[in-house]
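A structural walkthrough
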Amino acid sequence: MANDINTYLRELQAALAAAGADPALVQDALFDAEEHLQAEMAAGGALGRGTAAYEKKFATVAEGYGTPEEVAAAYMGTAVVRKEAPAAHETPSVTEAPPVWAPSVGAAAPLGATSATPQPPGGTQPPVAPLPVAEGPAPHMAGWPPPAPGVPMPAGVQAGIAAAAGAAPTSSPWRQVFGVFADVTVWKTLIYMILSLATGIAYFTIVVTGLSTAGSMLVLIIGIPMFLAVLGIVRAIALFEGRLVEILLGIRMPRRPRATPPGMGFFQRIAFWLKDGRTWASMAYMLLMLPLGITYFTIAVTGLSVGFWLVASIVWGWFRWADYHTIIYNGVTYYWWHSWMIPIAVIVGVIVLVGMFHLIKWIGRGHAAFAKAMLVRLAK
Amino acid sequence: MTAIQTTSDRDEDGTGVVDASVRKFQKELSSGIVSLALLALLAHAEKPLYGYQIAKELEGFGGGLPVKQGTLYPVLRSLESGGLLTSEVEPSVTGPPRRYYSVTEEGRQAIALWREAWIRTREFVDAVLEGHRG
């Protein structure tokens, strides 16, 4: 049984980890709990830590907040990765947990429960509805859930519906091959890959110029605050990059800055920043983003332009522009592009484009896992 | 020893089962109601509120908050990711930064419809409980 905030936060972290929570969700939950417990303990006059009065008050406060297990269950129930349908590859680990708190009466449990089981194609209607309340046509409950065009439903409901719909048809080989073009995640990954050239250069420049400027100024006193400022910027960028990765690559990342443990003074906070492996992992990530960004950008741009060029050969072949693709060597004209090549070029182009989109999909997943490992690794 | 005996006695006459069912029912019941209460409170509030203030405000209504305060936060976050609430973090003088929540325009539209749904549900349940047919 926890008798102060730190112990409680550790227990909550353990409870969330035991429930299989995502590190990013753990970070958000700890932020909320810390905010609340600190405010509650400060209300009505602060008490000295370790005193009997403090522990007595903390017991009441923790009782009101809920046991770590209860709170963990609540977070597992409402966790939503994002508003869109999760891509089929994503294991909806958060929706598999019983959505005790999903904010919808009656409908929540059946929706959440169906998300794990594949649905027949077109069957977006959740088949389970033990409670008559969840059925639309029940006489007293006509128009339930409230059909409000343009008004978003509670996130839990959206996620449940999205998961039920998104888990649907992935079986046909046709879809497996060409489905990538309809996959919004892949298009978003493409945007991320193109952006990563700019972000990669920016991150690298910030870290390198920041560290070298601060390092060279270290002889003067001004170098120390500059170095600390660099650390602060690195942590801020880690949050920003996390948001970018969540929006574009669809993996849950922290929505709040990482809080330093409570009750720390200024120097202790700095020491925590320095000792926190996350600071250094984030910095390494920012440096690695330069080569990665260049690679991603190059793959995306060259791969897609080659594919489009080959497919588009049908257009310029039609206008006989292909005939001008000649090489004159020793007075002999060689056609390096013949009209009969056009169908082959189109087929090859389609293969290249399909292959590119699959590659982009894998890069997206791989980079998301990498970003998560580097940016949200939890300190012990 | 006495405690163990009491528990087994209670189980035999079914009280333990009833207690557990009450807790389960309360939990299931709360799942939508808490969202409604949070949205309504924030819609009435004149300025953005942070989690602890919200919990304290809710404590003051009726017989007090029927759920643990810690379970409000994930619902707040879920409402935010659904676009009904918006929030911003502001540093506090005394402790960690606080997240202030306020209702979005969509949230205001939603609350009106949620309210209707709630009233329909309440009337339906009351009617069933009292045995009145419509």
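First, a word on scope: everything that follows refers to the structure included in this document. What you are looking at is a predicted structure, and each value in this text was computed from that prediction instead of being measured.

**Let's talk about the nonpolar core**
Residue and element names in this part refer to chain A. Formed by 29 residues in total, the largest nonpolar core has its most connected members in Ile 5, Tyr 8, Leu 12, Leu 16, Phe 58, Tyr 65 and Tyr 75. Looking at this core element by element, the count peaks at eight residues for helix α2 (residues 23-42). Core analysis: the next-biggest nonpolar cluster, separate from the first, contains 24 residues, Leu 231, Leu 249, Ile 251 and Met 286 among them.

**Some details on helix α4 (residues 72-81) of chain B**
Residues and elements named next belong to chain B. Most of α4 sits inside the fold, with nine of its ten residues counted as buried. Residues of α4 that are buried include every one of Leu 72, Tyr 73, Pro 74, Val 75, Leu 76, Arg 77, Ser 78, Leu 79 and Ser 81, and no others. Where α4 terminates, the next one or two residues include Gly 83, which has phi positive at roughly 90 degrees.

**Re the pairing of strand β3 (residues 98-103) of chain B**
Residues and elements named next belong to chain B. The element β3 is largely enclosed, with a buried count of five among its six residues. Pairing between strand β1 (residues 49-50) and β3: two bridges, direction antiparallel. When the bridges of β3 are listed, Tyr 50 appears paired with Tyr 100. Two strands pair when backbone bridges link them, and strand β2 (residues 85-90) and β3 are joined in this way by six bridges, in the antiparallel orientation. Looking across to β3, one finds that Glu 88 is bridged to Tyr 100.

**Quick notes on the pattern of salt bridges**
Counted under the stated rule, the structure contains eight salt bridges over all chains. Ionic pairing is found between Glu 63 of chain A and Lys 68 of chain B, a salt bridge with its closest N-O pair at 2.9 Å. Of the two residues, Glu 63 of chain A sits in helix α3 (residues 52-65) while Lys 68 of chain B sits in the loop between α3 (51-59) and α4, which places them in two different chains. Note that Arg 243 of chain A is salt-bridged to Glu 246 of chain A, the shortest N-O span being 3.1 Å. Taken as a pair, Arg 243 of chain A and Glu 246 of chain A lie in helix α10 (residues 223-249) at a separation of three residues, close to a single helical turn. Its relative accessible area of 5% is what places Glu 246 of chain A among the buried residues.

Criteria and thresholds
Residues numbered from 1 in each chain as written. Chains lettered and ligands numbered in written order. Predicted model: local features only at pLDDT ≥ 70, side-chain atom pairs only at ≥ 80, totals over all residues. Heavy atoms only, no water. Core = buried A, V, L, I, M, F, W, Y, C linked by side-chain atoms within 4.5 Å. Buried < 20%, exposed > 50% of the residue type's maximum accessible area, 1.4 Å probe, protein only. Helix = DSSP H or I, 4+ residues; strand = E, 2+ residues; numbered from the N terminus. Pairing = 2+ DSSP bridges. Salt bridge = Lys/Arg side-chain N within 4 Å of Asp/Glu carboxyl O.

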